[in-house]
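Below, each chain spelled out in residue letters.
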Amino acid sequence: TIALSFEPYQSHVVVFSKRTGMPEFKKYEEIASTIDLNSDWRVSFGTGQPIPMSKLHSWADDEATRNFSGTAAYEKLFDVSTEFLNGGQAVSLDFGEGTPLPVTPITNGMQTWFDPPIREAAVIYVNGQRAGSLWAPPYRLDVTRLLKPGGNDLKIVVGNTALNYMAGHRLPDYRLLNLRYGERFQAQDMNKIKVLPSGIVGSVKLISTK
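Let me begin by describing the structure that accompanies this report.

What counts as what
Residues numbered from 1 in each chain as written. Predicted model: local features only at pLDDT ≥ 70, side-chain atom pairs only at ≥ 80, totals over all residues. Heavy atoms only, no water. Pairing = 2+ DSSP bridges. Helix = DSSP H or I, 4+ residues; strand = E, 2+ residues; numbered from the N terminus. Axes fitted to C-alpha atoms, helices over the stretch in contact; angles between N-to-C directions. Phe/Tyr/Trp six-rings, centres within 6.5 Å; stacked < 30°, edge-to-face > 60°. Buried < 20%, exposed > 50% of the residue type's maximum accessible area, 1.4 Å probe, protein only. Lys NZ or Arg CZ within 6 Å of the ring centre and 35° of its normal. 1 Å grid on protein atoms, 1.4 Å probe; cavity = no way out; pocket = protein on both sides within 12 Å on 5 of 7 lines; lining within 4 Å. Points joined across faces, edges and corners; volume = space filled by probe spheres on them. Nonpolar A, V, L, I, M, F, W, Y, C, P; charged D, E, K, R; others polar.

### Considerations on the sheet that holds strand 3 (residues 51–55)
Piece 1. Taking strand neighbours across the sheet as the criterion, the six strands line up as 3-2-4-12-9-10 in an open arrangement whose pairing is antiparallel. Of all the strands in the sheet, just strand 3 and strand 10 (129–134) have a single pairing partner and so form its edges. Each strand axis lies, on average, 25° off the axis of its neighbour in the sheet, ignoring direction.
Piece 2. Bridge analysis of strand 9 (residues 121–126) against strand 12 (residues 150–159) gives six bridges, and the strand direction is antiparallel. Note on strand 12: the bridge partner recorded for Tyr 125 is Lys 155.

Here it is in structure tokens:
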């Protein structure tokens, strides 16, 4: 028997195998200690130069990056004590749980009614090694094997959607095409073209569990 806890929109894959020597299922629940990583980041938008970000917030909150669509690299140096690493049995990088949203009827397509702490996907590197990627709950990543006592380097590359760029630029005008060829289609869901929160908008911390 395996007890599975599902966060909103989370999935689990359970594999039944006759192979021997399968890894033991371990569940770490008790928090031994935490390290706050919310402040003092350097963020590079696209190929631009790093700029300081004292507290994590959405790119859309700043006029200079309000309509930026693409990838941004968050970088930070932090110290980890030997006591922190030895205090638990696993260390995870945690971005928060996100917030379920009320379901609202829509006219076309499908939509996830969930406000995530990462908008929209991230690839994480610890001390130059790829730790993994996050794009769906749970927004946690095991980084135990990549940490070392003393100074550590964290890099998180986050990508958003094209909507922010589209919201800041003139949309295509099909008037002349319609006059020449007739109205072959009608643009749909144009009301969804608006600036959305982007980047890391959750609360980032290292959690040592046992």
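This is not the end of the story, as more comes after the structure.
### Let's talk about the packing of aromatic side chains
The relation between two aromatic rings is expressed through the spacing of the ring centres and the mutual angle of the planes.
Piece 1. Enumeration according to the criterion identifies five aromatic pairs in this entry.
Piece 2. When the centroid spacing of 5.4 Å and the interplanar angle of 85° are considered together, the rings of Phe 45 and Trp 59 count as edge-to-face. One end of the pair, Phe 45, is in strand 2 (residues 39–45); the other, Trp 59, is in the loop between strand 3 and strand 4 (71–80), and 14 residues separate them in sequence.
Piece 3. Its relative accessible area of 0% is what places Trp 59 among the buried residues.
Piece 4. Ring centres of Phe 45 and Phe 68 lie 5.4 Å apart, and the angle between their planes is 80°; on these two criteria the pair is classed as edge-to-face. Remark: Phe 68 occurs in the loop between strand 3 and strand 4 and Phe 45 occurs in strand 2; sequence separation between them is 23 residues.
Piece 5. One aromatic cluster is present, built from ring pairs that chain together Phe 45, Trp 59 and Phe 68.
Piece 6. Sitting above the plane of the Trp 41 ring, Lys 76 keeps its charged end 5.9 Å from the centroid.

### Examining the layout of surface pockets
Piece 1. Estimates place the volume of the second largest pocket at around 690 Å³.
Piece 2. What lines the second largest pocket is a set of 22 residues, and nearest its centre among them are Gln 111, Thr 112, Phe 114, Arg 119 and Glu 120.
Piece 3. Put simply, the parts of the chain that give the lining of the second largest pocket at least two residues each are strand 7 (114–115) and strand 8 (118–119).
Piece 4. For the lining of the second largest pocket, the per-class residue count stands at 13 nonpolar, four polar and five charged.

### Digging into the pairing of strand 10
Piece 1. Pairing analysis gives five bridges linking strand 9 to strand 10, with the strands arranged antiparallel. Paired with Tyr 125 across the strands is Arg 130, a residue of strand 10.
Piece 2. The turn linking strand 9 back onto strand 10 is made up of two residues, and Asn 127 within it adopts a positive phi angle of 55°.

### Some thoughts on the sheet that holds strand 5 (residues 90–94)
Piece 1. If you walk across this open sheet you meet the four strands as 1-14-5-11, and the pairing is antiparallel. Lying at the two open borders of the sheet, with one neighbouring strand each, are strand 1 (31–36) and strand 11 (140–142). Across the sheet, the axes of successive neighbouring strands diverge by a mean angle of 25°, strand direction being ignored.
Piece 2. In terms of strand pairing, strand 5 meets strand 11 through three bridges, oriented antiparallel. Residue pairing in the sheet places Asp 94 in a bridge with Arg 140 of strand 11.

Just distances and angles here, no functional claims.
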